[in-house]
Amino acid sequence: QAAAGAGSESCAPPVCVLVLGMAGSGKTTLVQRLTAHLHSQNSPPYVVNLDPAVRELPFAANIDIRDTVKYKEVMKQYGLGPNGGIVTSLNLFATRFDQVMKFIEKRQNTSQYVLIDTPGQIEVFTWSASGTIITEALASTFPSVVVYVMDTSRSTNPITFMSNMLYACSILYKTKLPFILAMNKTDIIDHSFAVEWMQDFEIFQDALNQETTYVSNLTRSMSLVLDEFYSSLKVVGVSAVLGTGLDEFFVKVSEAIDEYEREY
Ligand code: GDP
Ligand code: MG
């Protein structure tokens, strides 16, 4: 009887990891670190860069949007500013994404993971037709997980934290995919304060009360809504710079996919 699942030639399709998050949250650095980690485990991922405006990529991408669309030229040609240039570049790329899918599919027996880095500004991807097209193409072909990267060091204010979580929540409902919250930059600040806020409504309310003398009913109601979101949320603390938390990260990825496949 053959051992199942062991070795790189196992027949399971690769898992697609879609990395989203606010500008500067550390998406690109995390993709770099995940790539290095997988290489060190003899499981090189297939890496896709979807940010047309990134100057230097700290990892070797198998597919790089910048090879296909030159965002500066797109700006000139269509008379656009930087944001319009990025959105239009992604739109142009999305029209050819079927070709990208063919490349990824060719590699599906050799890579266990497909890592996708997305544009710096999150809304370019999450609130555009092209982002939706790309997400749906990937998720309909591979087991996929959305990783929402949060800058923990910039989320120590309870209102900022709540805004960030509302955004994460909206992405969960928009993509309806397995979802992981990666609390990044734990080398600057431990993420335990945030985990505590998510686990204990009272502690979060106390933090809110300290922040503002007047906490509106809306804020309270929203945090009750988020309580529901938190209860099923997978959270992992990582440092993309140090590379800590990555083993746990991959455990959460597997769990998220397994649970999703059991449910649907
Ligand atoms: P992106 O816009 O989401 O792709 O963010 P980047 O990966 O470009 O990172 C933005 C900034 O945050 C850079 O200066 C990174 O060096 C820094 N950064 C990313 N991850 C970490 C981390 O885990 N710890 C610390 N201290 N800085 C980080
Ligand atoms: Mg980036």
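What you are looking at is a predicted structure, and each value in this text was computed from that prediction instead of being measured.

Participant: I'm lost on the pairing of strand S6 (residues 179-184) in this one. Help?
Facilitator: Two faces belong to every sheet, and in a regular strand the side chains alternate between them. Among the six residues that make up S6, six are buried, leaving the element largely enclosed by the rest of the structure. Neither face of S6 is open: one carries Phe179, Leu181 and Met183, the other Ile180, Ala182 and Asn184, and all of them are buried. With six bridges joining them, strand S5 (residues 144-151) and S6 adopt parallel strand pairing. Within S6, the position partnered with valine 146 by the bridge is phenylalanine 179. A crossover links S5 with its parallel partner S6, the connecting element being helix H8 (residues 158-175), and its sense is right-handed.

Participant: I tried to follow the pairing of strand S1 (residues 15-21) on my own but got confused; where do I start?
Facilitator: In terms of burial, S1 is largely enclosed, as seven of its seven residues are buried. Residues Val15, Val17, Val19 and Gly21 line one face of S1 and the alternating positions Cys16, Leu18 and Leu20 line the opposite face, and both faces are buried. As paired strands, S1 and S5 are joined by six bridges and run parallel to one another. Within the sheet, the bridge partner assigned to valine 19 lies in S5 and is valine 147.

Participant: What's the story with helix H1 (residues 27-40) in this structure? I'm lost.
Facilitator: Residues that lie three or four places apart on an α-helix share one face, since the helix turns once every 3.6 residues. For H1, built from 14 residues, the straight-helix expectation of 20 Å at 1.5 Å per residue is met to within 8% by its first-to-last C-alpha distance of 20 Å. Within H1 the residues assigned to the buried category are Lys27, Thr28, Leu30, Val31, Leu34, Thr35, His37 and Leu38. Of the surrounding elements, those touching the buried residues of H1 are S1, strand S2 (46-49), strand S4 (113-117), S5 and helix H12 (246-263). Looking one or two residues past H1, asparagine 42 carries a phi angle of roughly 55°, positive in sign.

Participant: Help me out: how do you make sense of helix H3 (residues 71-78) in this one?
Facilitator: For H3, the set of buried residues is Tyr71, Val74 and Met75. Along the axis of H3, the buried positions cluster into a sector of 100°, meaning they face one direction only. The exposed residues of H3 that point more than 90 degrees off its buried face are Lys72, Glu73, Lys76 and Gln77. Packing partners of the buried residues in H3 comprise helix H4 (82-94). Directly beyond the C-terminal end of H3, a positive phi value near 60° is found at glycine 79.

Participant: How should I be thinking about the packing of H3 against H4 in this particular structure?
Facilitator: Working note: a packed helix pair is described by the angle between its axes plus the distance between those axes. Two numbers describe how H3 lies on H4: the axes approach to 8 Å, and their chain directions differ by 105°. Considered as vectors, H3 and H4 are oriented roughly perpendicular to each other. Each of Tyr71, Val74, Met75 and Tyr78 in H3 lies in contact with H4, whose residues at this interface are Pro82, Gly85, Ile86, Thr88, Ser89 and Leu92. Among the residues forming the contact of H3 with H4, the class breakdown is seven nonpolar, three polar and no charged.

The rules behind the values
- Residues numbered from 1 in each chain as written.
- Chains lettered and ligands numbered in written order.
- Predicted model: local features only at pLDDT ≥ 70, side-chain atom pairs only at ≥ 80, totals over all residues.
- Heavy atoms only, no water.
- Buried < 20%, exposed > 50% of the residue type's maximum accessible area, 1.4 Å probe, protein only.
- Helix = DSSP H or I, 4+ residues; strand = E, 2+ residues; numbered from the N terminus.
- Pairing = 2+ DSSP bridges.
- Right-handed = clockwise from strand over helix to strand, strands pointing away.
- Expected span 1.5 Å × (residues − 1).
- Contact = heavy atoms within 4.5 Å.
- Arc of directions from axis to C-beta.
- Axes fitted to C-alpha atoms, helices over the stretch in contact; angles between N-to-C directions.
- Parallel < 35°, antiparallel > 145°, perpendicular 65-115°, else oblique.
- Nonpolar A, V, L, I, M, F, W, Y, C, P; charged D, E, K, R; others polar.

Scope: geometric values only; no functional claims are made or implied.
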